[in-house]
Amino acid sequence: MEVIVGKLNGILWGPWFIYGILLIGLFFSIITRFLQVRHIKDMFVLMFKGEKSEKGISSFQAMSIALSGRVGTGNIAGTATAIGMGGPGAVFWMWAIAFIGAATAYVESTLAQIYKEEKDTEYRGGPAFYIEKGMGQKWFAVIFAVAALIAMLILMPGVQSNAIAGAVENAFGLDTWITGLIIVVLLGAIIIGGVKSIANAAQIIVPFMALAYIIMAIIIIAMNISEVPAVFALIFSSAFGAQEIFGGIIGSAIAWGVKRGIYSNEAGQGTGAHPAAAAEVSHPAKQGIVQAASVYIDTLLICSATAFMILFTGMYNVHDEKAAEGADPFIHIGEFNSGGLAGDEQMTFAKSIEAGAAYTQYAVDSSLPGFGAPFVAIALFFFAFTTIMAYYYIAETNVAYLFRGSTEKIFIWIAKIAILVAAFYGTVRTSDLAWAMGDVGLGLMVWINVLAILIIMKPAIVALKDYEKQKKEGKDPVFDPRKLGIKGADFWVDYNEQRKNK
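- You'll find the protein entered in an unreviewed UniProt entry as Alanine:cation symporter family protein, with Lysinibacillus fusiformis given as the organism.
- UniProt, in the comment section headed Subcellular location (unreviewed entry), describes the protein in these words: "Cell membrane".
- What UniProt records for the protein under Sequence similarities (unreviewed entry) is the sentence "Belongs to the alanine or glycine:cation symporter (AGCS) (TC 2.A.25) family."

This is how it looks when you write it as structure tokens:
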């Protein structure tokens, strides 16, 4: 299994694909004239303006679901792994992919709004919907929907639950299978209620836990304030190979920064587009701009919080993936210690610390003794748990795309059972296999979705220009696809007719 998964990752995450994702994000940034800079104010104003309805959820709820998918293991364990495998320079490349990825998030989320449907009194949309309506290629849309179901129900939940179980075991000594049962019971109780239940849970849990996590990072930075210039210099010099120790792993810094950046903020993956379609807004560009903000919040705030805690305290090792067989693979050993160990004993102990959430736990514990392990375990539980919730919502949306009537209801129940089984299984399997399988799921979705949005991006660009034009005229932008020559946006045609008749 591990050999097969490894080969698949080698194909899906080749160097040309890593650099290709960076170029595509830069392309979208240029073609939207860097909306992620020009519309920063609108991002946060619009976030709280959208109203929920019987059929749709508010902009804030949609962003909360998207954030619950984005803010997860990738922010704590993923960021730590990026540093452990790519050095401090990986942090810069995570920032880079977030900045240009915000434009990608705008495009996919706006397309999801343009081509959404009203189905069973709920708004549904996402890549499968806009691929069929925008490209006219149902077979390609079906491939995405199937890939999304495999990723969301089988390959990716285990990454989140595995990290929860590992952190809880480290902090509280609880057996992983017990943690698995707790996850299954809580998750089952929420997903039975559908999208509204998921949205209500996400809008409470995600902002609260994100704020608590950022405050913890600020406390640790304040306790090590004299190190600020040195840490930033380390990040930037390592990112471009100028730092002597990490100069030989610049390729790893870029690869791991981009891979874990995409895993965390999900720009280009298409996952954030699903909840974006469910928002009740008057113009698709509004929700596209809000979703761009969620990429910033995820990576520039929460991933950075993790990175700063680790780098400011020195609680990280760095591996050289190209080290010769039999040679010491560590090019940097962290300042880990236990019970006053010194010399070779301390080095042996430090090398035994696995890259991931443990780095973050030791970082917090070094500044606030006895607090690190439980705090990170609790944070990781909430972050990763809400991510699994979002995975279920995305899976349910793709089931709704593929099936109709009683068949849809049957497969929705199958999806619920599948994600509960995958979440439990993830708690008892090895972390390396969990992450590798998660990378396969992520790669499949990114490949299909990025190709699609490159082909059908025009309506999202047209919608942005229309939004900006109406804003300049002092109007609250309202979307009319017929005036803009956008075909296939049937929901909006019907929606505008209903508004006129009221």
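## Observations concerning the overall build of the protein
Part 1 of the argument: Broken down by element type, the protein carries 24 helices and 4 strands.
Part 2 of the argument: Computed over C-alpha atoms, the radius of gyration of the protein comes to 22 Å, within 12% of the 23 Å expected from 2.2 N^0.38 for 502 residues, which places it in the range of a compact globule.
Part 3 of the argument: If you line up the protein on its principal axes, its C-alpha atoms span 80 × 45 × 40 Å.
Part 4 of the argument: A buried classification covers 61% of the 502 residues belonging to the protein.
Part 5 of the argument: Accessible area for the protein stands at about 19200 Å²; split by element, carbon and sulfur atoms hold 66% of it.
Part 6 of the argument: With 35 positive and 38 negative side-chain charges, the protein shows a separation of 15 Å between the mean positions of the two kinds.

## Quick look at the nonpolar core
Part 1 of the argument: If you look at the biggest cluster of nonpolar residues, it comprises 156 residues, and the most contacted ones within it are Tyr106, Tyr130, Tyr213 and Ile419.
Part 2 of the argument: Per-element accounting of this core gives the leading share, 19 residues, to helix α19 (residues 372–402).
Part 3 of the argument: Once residues lying within four places of it in the same chain are set aside, the contact partners of Tyr130 are Glu108, Leu111, Ala112, Tyr115, Met135, Ala273, Asn449, Ile453 and Ile456.
Part 4 of the argument: Counting 6 residues, the second largest nonpolar core, distinct from the first, contains Ala82, Ala90, Met94 and Trp256.

## Thoughts on the packing of helix α13 (residues 228–239) against helix α16 (residues 284–313)
Each pair of packed helices can be summarised by the angle the axes make with each other and by the distance between the axes.
Part 1 of the argument: At their nearest, the axes of α13 and α16 sit 10 Å apart, and the two run at 110° to each other. Here α16 runs roughly perpendicular to α13, going by the angle between their axes. In the packing of α13 onto α16, the handedness of the crossing is right-handed. Residues Val228, Val231, Phe232 and Ile235 of α13 form the contact with α16, whose participating residues are Phe308, Leu311 and Phe312.
Part 2 of the argument: Taken together, the residues that form the contact of α13 with α16 break down as 7 nonpolar, no polar and no charged.

## Thoughts on the side chain of Asn317
Part 1 of the argument: Mapped onto the secondary structure, Asn317 falls in the loop between α16 and β3 (318–319).
Part 2 of the argument: Judged by its relative accessible area of 0%, Asn317 is buried.
Part 3 of the argument: For Asn317, the side chain forms a polar contact with the main-chain nitrogen of Gly334, separated by 2.8 Å.
Part 4 of the argument: Setting aside residues no more than four positions away along its own chain, Asn317 makes contact with Ile83, Gly84, Phe330, His332, Ile333, Gly334, Phe336, Ala350, Lys351, Ile353 and Tyr359.

## Notes on the confidence of the model for the protein
Caution applies to low-pLDDT parts of the model: their predicted coordinates are not meant to be read in detail.
Part 1 of the argument: On average, residues of the protein score 84 in pLDDT, and 90% of them reach the 70 mark or higher.
Part 2 of the argument: Predicted confidence in the protein is weakest over helix α5 (residues 59–70), with a mean pLDDT of 70, and strongest over helix α22 (residues 458–472), with 96.

## Description of the packing of α16 against helix α18 (residues 357–367)
Part 1 of the argument: Remark: α16 packs on α18, axes separated minimally by 9 Å, with the N-to-C direction vectors making an angle of 60°. On the basis of the axis angle, α16 is oblique to α18. α16 and α18 meet at a crossing whose hand is left-handed. Packed against α16, whose contacting residues are Thr306, Met309, Ile310 and Thr313, the element α18 presents Tyr359, Thr360, Ala363, Val364, Ser366 and Ser367 at the interface.
Part 2 of the argument: Among the residues forming the contact of α16 with α18, the class breakdown is 5 nonpolar, 5 polar and no charged.

## Side note on a nonpolar patch on the surface
Part 1 of the argument: The grouping of Phe27, Ile31, Leu451, Leu454 and Ile455 at the surface amounts to a nonpolar patch, some 400 Å² of accessible area in total.
Part 2 of the argument: Those elements that provide at least two residues to the nonpolar patch are α2 (15–31) and α21 (431–455).
Part 3 of the argument: Its location among the elements puts Ile455 in helix α21.

## As for the packing of aromatic side chains
For any pair of aromatic rings, the description rests on two quantities: the centre-to-centre distance and the angle between the ring planes.
Part 1 of the argument: Tallied over the entire structure, the rule returns 27 aromatic pairs.
Part 2 of the argument: When the centroid spacing of 5.1 Å and the interplanar angle of 75° are considered together, the rings of Tyr123 and Phe491 count as edge-to-face. Linking Tyr123 in strand β2 (residues 122–124) with Phe491 in helix α24 (residues 490–501), this pair joins segments that are 368 residues apart in sequence. Each of the two residues, Tyr123 as well as Phe491, counts as buried.
Part 3 of the argument: Taken together, Phe92, Trp93, Trp95, Phe232, Phe236, Phe240, Phe308 and Phe312 form an aromatic cluster joined through their ring pairs.

## Focus on helix α17 (residues 343–351)
Part 1 of the argument: Every buried residue belonging to α17 is among Gln346, Phe349 and Ala350, and all of these are buried. Across the axial projection of α17, the buried residues extend over an arc of 100°, all falling on one side. Residues of α17 that are exposed and point over 90 degrees away from its buried face: Asp344 and Thr348.
Part 2 of the argument: Buried residues in α17 make contact with α18.

About the thresholds
- Residues numbered from 1 in each chain as written.
- Predicted model: local features only at pLDDT ≥ 70, side-chain atom pairs only at ≥ 80, totals over all residues.
- Heavy atoms only, no water.
- UniProt positions renumbered as here; feature names shortened; annotations may be inferred.
- Helix = DSSP H or I, 4+ residues; strand = E, 2+ residues; numbered from the N terminus.
- Rg over C-alpha atoms; globule rule 2.2 N^0.38 Å.
- Buried < 20%, exposed > 50% of the residue type's maximum accessible area, 1.4 Å probe, protein only.
- Areas by Shrake-Rupley, 256 points an atom, 1.4 Å probe, with all protein chains shown as cover.
- Lys, Arg positive; Asp, Glu negative; His and termini not counted.
- Charge placed at Lys NZ, Arg CZ, Asp CG, Glu CD.
- Core = buried A, V, L, I, M, F, W, Y, C linked by side-chain atoms within 4.5 Å.
- Contact = heavy atoms within 4.5 Å.
- Axes fitted to C-alpha atoms, helices over the stretch in contact; angles between N-to-C directions.
- Parallel < 35°, antiparallel > 145°, perpendicular 65-115°, else oblique.
- Left-handed = near helix turned anticlockwise from the far one by under 90°.
- Nonpolar A, V, L, I, M, F, W, Y, C, P; charged D, E, K, R; others polar.
- Polar contact = N/O pair within 3.5 Å; in protein donor to acceptor, adjacent residues only side chain to side chain.
- pLDDT = per-residue confidence, 0-100.
- Patch = residues over 30% accessible without salt bridge, like charges linked within 9 Å, V, L, I, M, F, W, Y side chains within 5 Å.
- Salt bridge = Lys/Arg side-chain N within 4 Å of Asp/Glu carboxyl O.
- Phe/Tyr/Trp six-rings, centres within 6.5 Å; stacked < 30°, edge-to-face > 60°.
- Arc of directions from axis to C-beta.

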